[in-house]
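Chain and residue survey
Here is what each chain is made of, one letter per residue.
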Amino acid sequence: MAILRVTKYGEDILRQKLKPVDFKALQPQLPQLLKDMEETCLAVKGVGLAANQIGLDYRLAVILIPESDKENAPLKRYVIINPEILSMRGEKLEEEGCLSLPGLWAEVKRATDVTLKYTDENGTEQVKRARGLLAKAFQHEVDHLDGKLFIDLVDPVLKPELKKAIKKLRKNWN
């Protein structure tokens with residue numbers, strides 16, 4: 001396994017709409033790729049990691065969510081390949097961050113209830129309804145795969161302040 005370099009804000013691949021994955025073509029390298037993505041996500045204390053955040057042009061993301069609200073609960077891994085949001089309900093304004101914008105947090109509106117269709121790591125099509133942190137993670141990672149970042153959802157009034165914060169933080173990014 002390997003900890004991979006996480007792409008940072010300003011790198012072109014983060015703004016590209018990624019290509020659908022040909023599962024059969026990717027399958028031979030998928031187990032190792034998923035292990036590396038999971039290890040990277042854990043190492044940088046993330047909830048999710050999209051393929052473009054490690055420089056790959058695949059509609060693929062890994063999400064690691066605690067199985068319960070208990071402290072030190074085991075993590076459940078979701079592998080979402082070629083995901084498509086089928087429905088979104090509710091709305092909540094909540095603080096969000098991103099591994100590609102380390103140190104930056106901002107409030108964004110997200111749906112509170114999401115239904116996602118995707119292919120899992122075994123090549124099986126899944127439909128999953130999610131609430132809470134998983135719903136937020138599904139939306140955040142699908143946005144990545146569509147070339148969008150959470151800062152695109154910030155209230156326009158706050159954008160000048162956000163740009164200043166990004167400029168200041170970028171000096172510390174590797």
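What comes next concerns the included structure. Starting afresh in each chain, residues are numbered from 1 along the sequence in its written order. The predicted nature of this model means local features are confined to residues of pLDDT at least 70 and side-chain atom pairs, given and counted, to a pLDDT of 80 or more, with totals for whole chains, interfaces and linings taken over all residues. Where side-chain values are given, they derive from all heavy atoms of the structure, hydrogens and water being excluded.

**Let's talk about helix α2 (residues 30-43)**
Keep this limit in mind: Helix and strand assignments follow DSSP, with helices taken as H or I runs no shorter than four residues and strands as E runs no shorter than two, numbered in order from the N terminus. Take the number of residues in a helix, subtract one, and multiply by 1.5 Å to get its expected span. Think of it in three bands: residues with accessible area under 20% of the maximum for their type are buried, residues over 50% are exposed, and the middle band is partly exposed, with areas taken using a 1.4 Å probe on protein chains only. Note that the arc is computed from the directions linking the helix axis to the C-beta atoms. Contacts: residue pairs with any heavy atoms within 4.5 Å of one another.
Taking 1.5 Å per residue as the helical rise, α2 with its 14 residues ought to reach 20 Å, and the 20 Å between its terminal C-alpha atoms agrees with that figure. Residues of α2 that are buried: L30, L33, L34, D36, M37, T40 and C41. Along the axis of α2, the buried residues cluster in a sector spanning 165°; they form a single face. Close packing links the buried residues of α2 with α1 (23-26), β1 (48-50), β2 (60-66) and β3 (75-89). Of the residues flanking the end of α2, it is K45, one or two places downstream, whose phi is positive at about 60°.

**Here we look at the layout of surface pockets**
The condition is simple: Of the grid points, spaced at 1 Å and generated over the protein atoms alone, those admitting a 1.4 Å probe that cannot get out make up cavities, while open sets with protein on both sides within 12 Å along at least five of seven lines make up pockets; any residue with an atom within 4 Å of a point is treated as lining. Grid points are joined across faces, edges and corners, and a volume is the space filled by probe spheres set on the points. In this count, Pro and Cys sit with the nonpolar residues alongside Ala, Val, Leu, Ile, Met, Phe, Trp and Tyr, while Asp, Glu, Lys and Arg are called charged and the others, Gly among them, polar.
By volume, the largest pocket amounts to about 440 Å³. Taken together, 24 residues form the lining of the largest pocket, with V47, G97, C98, L99 and W105 sitting closest to its centre. For the lining of the largest pocket, the residue count by class is eleven nonpolar, seven polar and six charged.

**Considerations on the pairing of strand β5 (residues 105-110)**
Our working rule: DSSP-based pairing: two strands are paired if at least 2 bridges between them are found.
Side chains A106, V108 and R110 of β5 all project onto a buried face; the interleaved residues W105, E107 and K109 project onto a face where none is buried. Summarising the sheet, strand β4 (residues 92-97) and β5 pair through six bridges and their orientation is antiparallel. Across the sheet, K92 pairs through a bridge with R110, a residue of β5.

**Observations concerning the side chain of D120**
Stated precisely, the cut-off is as follows: Asp and Glu are treated as the negative residues and Lys and Arg as the positive ones, with His and the ends of the chain left uncounted. A pairing counts as a salt bridge when a side-chain nitrogen of Lys or Arg comes within 4 Å of a carboxyl oxygen of Asp or Glu. As used in this structure description, the phrase polar contact means that two N or O atoms lie within 3.5 Å; if the pair is within protein, one of them must be able to donate a hydrogen and the other to accept it, and residues adjacent in sequence are counted only when both atoms belong to side chains.
Along the chain, D120 falls in the loop between β6 (113-119) and β7 (125-131). Here D120 is buried and forms no salt bridge, its nearest opposite-charge partner K76 lying at an N-O distance of 9.1 Å. Of note is the side chain of D120, whose polar atom sits 2.8 Å from the backbone nitrogen of N122. Polar contacts involving the side chain of D120 include one to the side chain of Q126, which spans 2.9 Å. Ignoring any residue separated from it by four or fewer positions in sequence, one finds D120 in contact with F23, V79, I81 and Q126.

**Structural notes on the side chain of H144**
For H144, the location among the structural elements is in helix α3 (residues 132-145). Residue classification places H144 among the buried positions, given a relative accessible area of 1%. If sequence neighbours within four positions are ignored, H144 has contacts with L14, Q16, A50, N52, Q53, C98 and L149.

**A few points about the sheet that holds β3**
Sheet strands line up and pair through hydrogen bonds in the backbone, either parallel or antiparallel. To be explicit about the condition: The axes are straight lines fitted to the C-alpha atoms, using for helices just the contacting stretch, and the angles between their N-to-C directions are given from 0 to 180°.
Taking strand neighbours across the sheet as the criterion, the five strands line up as β1-β2-β3-β6-β7 in an open arrangement whose pairing is antiparallel. Because the sheet does not close on itself, it has two edges, and the strands there are β1 and β7. The sheet shows a mean angle of 40° between the axes of neighbouring strands, direction not considered. Pairing of β1 with β2 involves three bridges; the strand directions are antiparallel. Along β2, the bridge assignment pairs L49 with V62. Packed onto the sheet, α3 meets β1, β2, β3, β6 and β7 and runs at close to 160° relative to β2.

**A few points about the pattern of salt bridges**
Scanning the model with the defined rule gives 15 salt bridges in all. The salt bridge partner of K19 is D57, with a shortest N-O separation of 3.4 Å. Highlighted residues: K19 in the segment before α1 and D57 in the loop between β1 and β2, separated in sequence by 38 residues. Overall, the relative accessible area of 23% leaves D57 in the partly exposed class. What you see here is one network of salt bridges that share partners, running through R89, D113, R129 and R131.

**Regarding the environment of K128**
With respect to the helices and strands, K128 occurs in strand β7. Taking the C-alpha atoms as reference points, K128 and I85, 43 residues apart in sequence, are found 9.7 Å from one another. Those residues in contact with K128, other than ones at most four positions away along the chain, are Y78, V114, T115, L116, Y118, L134 and F138.

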